[in-house]
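# Results of the structural survey
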Amino acid sequence: MPAKYSHVKKRSASGLLKKEKNSPNGHLIVKDTHHHSRALNPHVDRSITQAMSAVSQLERAIARILLLRYEQDIARLFSTRLYNISLIHLPTLVMRCATLGGPGWLAFNHDCEEIKDFFRAAISMDMRQAGERVATKSVLWSYTALRHFAMSNNVSICSKLGLHSLRLLPHYAALKAHLDTLEAMPPPTFAKPPHSGSLQEGQDALEDACQLKFGWVNEIAPALPEWDGDWRTKIRYGYDKLAQTLWRVAREFDVRGYGNILREKLTSKWCDCGCSTDHLGEVCERTVREEEEENGVRLGKQREWDGRGSGIYGWETEEEEDIWEVELDFGGLDPDESGGEGEMTIGEMMEWRYLRAEKEKELVCGRPGSVSPA
């Protein structure tokens, strides 16, 4: 070793091994040079755990509110659909039944299983679209309600990213109170909207149609004895009873069995960290602001939990729209091959497609019940 480095003691490569003079057999003694890490403060650790638990409770409450309001929206909007069916389409059905069986046929057969099965099939086909037709509107309405709740509690809202759920933590008790109110409500069912009118308009149209088709002919040349006398009372009674049957059949359906895509998201795929609610705000905030800039803030929309009304003509008014009449985009359907599907309701469209598929199958396999050659 050069002289200038002679004062430096030679050590092992790691600096951890040293041979003790008095060690037996010259064994190497390992020196522990590691410092013991300082233990975490248990109070800090407990605070972090409590904070994460509070955020998780908040997110579960928000997801549950969205789900319960979603179920209520399905029941309310499809009730509007059923009322419009009673007012517009049931008179046509009554007219056809009266043509075949006379004006009093429905008075005795309005509750038969054949009519109930017909209603069940039609309602079932429409309810299959409940998720596609209601989910987007319901989530937007519920976000608007959360937004107004935050505004009423002086919580700041980002104009681009929307409401951050963590800002609602100090107001969790009020949020939980609203959730408890929703939980205490009875399960949503279909019922005639309280703001809707009577079926008088449908009755008048039905009587006019029957008068044009049967009444004047029977007055000139009495050839249809069943149309003698007070046939209007029979027609009106059958129409009212048929509408009641429609509502009874509709109540057999449970809205909690529909809209499963959003339901799964809100129950098993909603993140407890807050990112799901933040993403909801990022998506919905722009829509809410644009609508309020165009149409202004509707009366009542600044009240807590009254965020409904976005995208709908009127809330609990006679102008409330039937969203089942809105055409859905099924992705790339050729209008030349649709056979007029654009003018059908979703129930009529699905039924028409089913019948078309059955007809095509018959053309391939032969007549119904026949066996195609191998």
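The structure presented is a predicted model; accordingly, all values stated were derived computationally and were not measured. Residue positions are counted from 1 within each chain, in the order its sequence is given. Thresholds applied to this predicted model are a pLDDT of at least 70 for local features of residues and 80 or more for the giving and counting of side-chain atom pairs; totals over whole chains, interfaces and linings are not thresholded and use all residues. To get the side-chain values, take all heavy atoms of the structure and skip hydrogens and water.

### Considerations on the packing of aromatic side chains
Here a Phe, Tyr or Trp ring, Trp counted by its six-membered ring, pairs with any other such ring whose centre lies within 6.5 Å, and the pair is stacked when the planes are under 30 degrees apart, edge-to-face when over 60, and tilted otherwise. Counted by the stated rule, this structure contains three aromatic pairs. Taking 4.9 Å as the distance between ring centres and 70° as the angle between the ring planes, the aromatic pair formed by Phe 78 and Trp 324 counts as edge-to-face. With Phe 78 in helix α1 (residues 42–101) and Trp 324 in the loop between α9 (275–295) and α10 (346–365), this residue pair connects regions lying 246 residues apart in the sequence. Overall, Trp 324 belongs to the buried group, its relative accessible area being 1%. Consider the rings of Phe 118 and Phe 119, whose centres lie 6.0 Å apart with planes at 50°: the pair is tilted. Connected via pairs of aromatic rings, a cluster forms that spans Phe 78, Phe 190 and Trp 324. Working definition: helices are DSSP H or I runs of at least four residues, strands are E runs of at least two. Numbering for both runs from the N terminus. Three exposure classes are used, based on accessible area relative to the maximum for each residue type with a 1.4 Å probe and protein chains only: buried under 20%, partly exposed in between, and exposed over 50%.

### Remarks on the pattern of salt bridges
Salt bridges are counted wherever a side-chain nitrogen of Lys or Arg sits within 4 Å of a carboxyl oxygen of Asp or Glu. Applying the stated rule across the entire model yields 17 salt bridges. Taking the shortest distance from any N to any O, the salt bridge between Arg 248 and Asp 111 comes out at 3.0 Å. Remark: Asp 111 occurs in the loop between α2 (105–109) and α3 (113–127) and Arg 248 occurs in helix α7 (residues 231–250); sequence separation between them is 137 residues. Overall, the relative accessible area of 37% leaves Arg 248 in the partly exposed class. In this structure Asp 111 comes out as partly exposed when scored by relative accessible area, which is 35%. Between Lys 269 and Glu 264 there is a salt bridge; the shortest N-O distance is 3.6 Å.

### Some remarks on the nonpolar core
Here, nonpolar core means buried Ala, Val, Leu, Ile, Met, Phe, Trp, Tyr and Cys residues that are tied together by side-chain atoms lying within 4.5 Å of each other. If you look at the biggest cluster of nonpolar residues, it comprises 70 residues, and the most contacted ones within it are Leu 82, Ile 123, Met 127, Leu 163, Leu 168 and Phe 190. The set of elements that each furnish at least two residues to this core consists of α1, α3, α4 (130–152), α5 (172–184), α6 (200–220), α7, α8 (260–268) and α9. At 22 residues, α1 tops the list of elements feeding residues into this core.

### Details of the packing of α3 against α7
It is at 10 Å that the axes of α3 and α7 come closest, and there the two elements cross at 55°. Classified by the angle their axes make, α3 and α7 are oblique. Between α3 and α7 the crossing geometry is right-handed. Between α3 and α7, the residues in contact are Ile 115, Lys 116, Phe 119, Arg 120 and Ile 123 and Leu 242, Thr 245, Leu 246, Val 249 and Ala 250, respectively. Simply put, an axis is a line fit to the C-alpha atoms, just over the touching stretch for a helix, and the angle between two N-to-C directions goes from 0 to 180 degrees. Angular relationships are summarised with four words: roughly parallel below 35 degrees, roughly antiparallel beyond 145, roughly perpendicular across 65 to 115, and oblique for the angles in between. When the near helix sits turned anticlockwise from the far one by under a right angle, the crossing is termed left-handed; a clockwise turn instead gives a right-handed crossing. In what follows, residue pairs with any heavy atoms lying within 4.5 Å of each other are defined as contacts.

Functional significance is not addressed by these values, which are geometric in nature.
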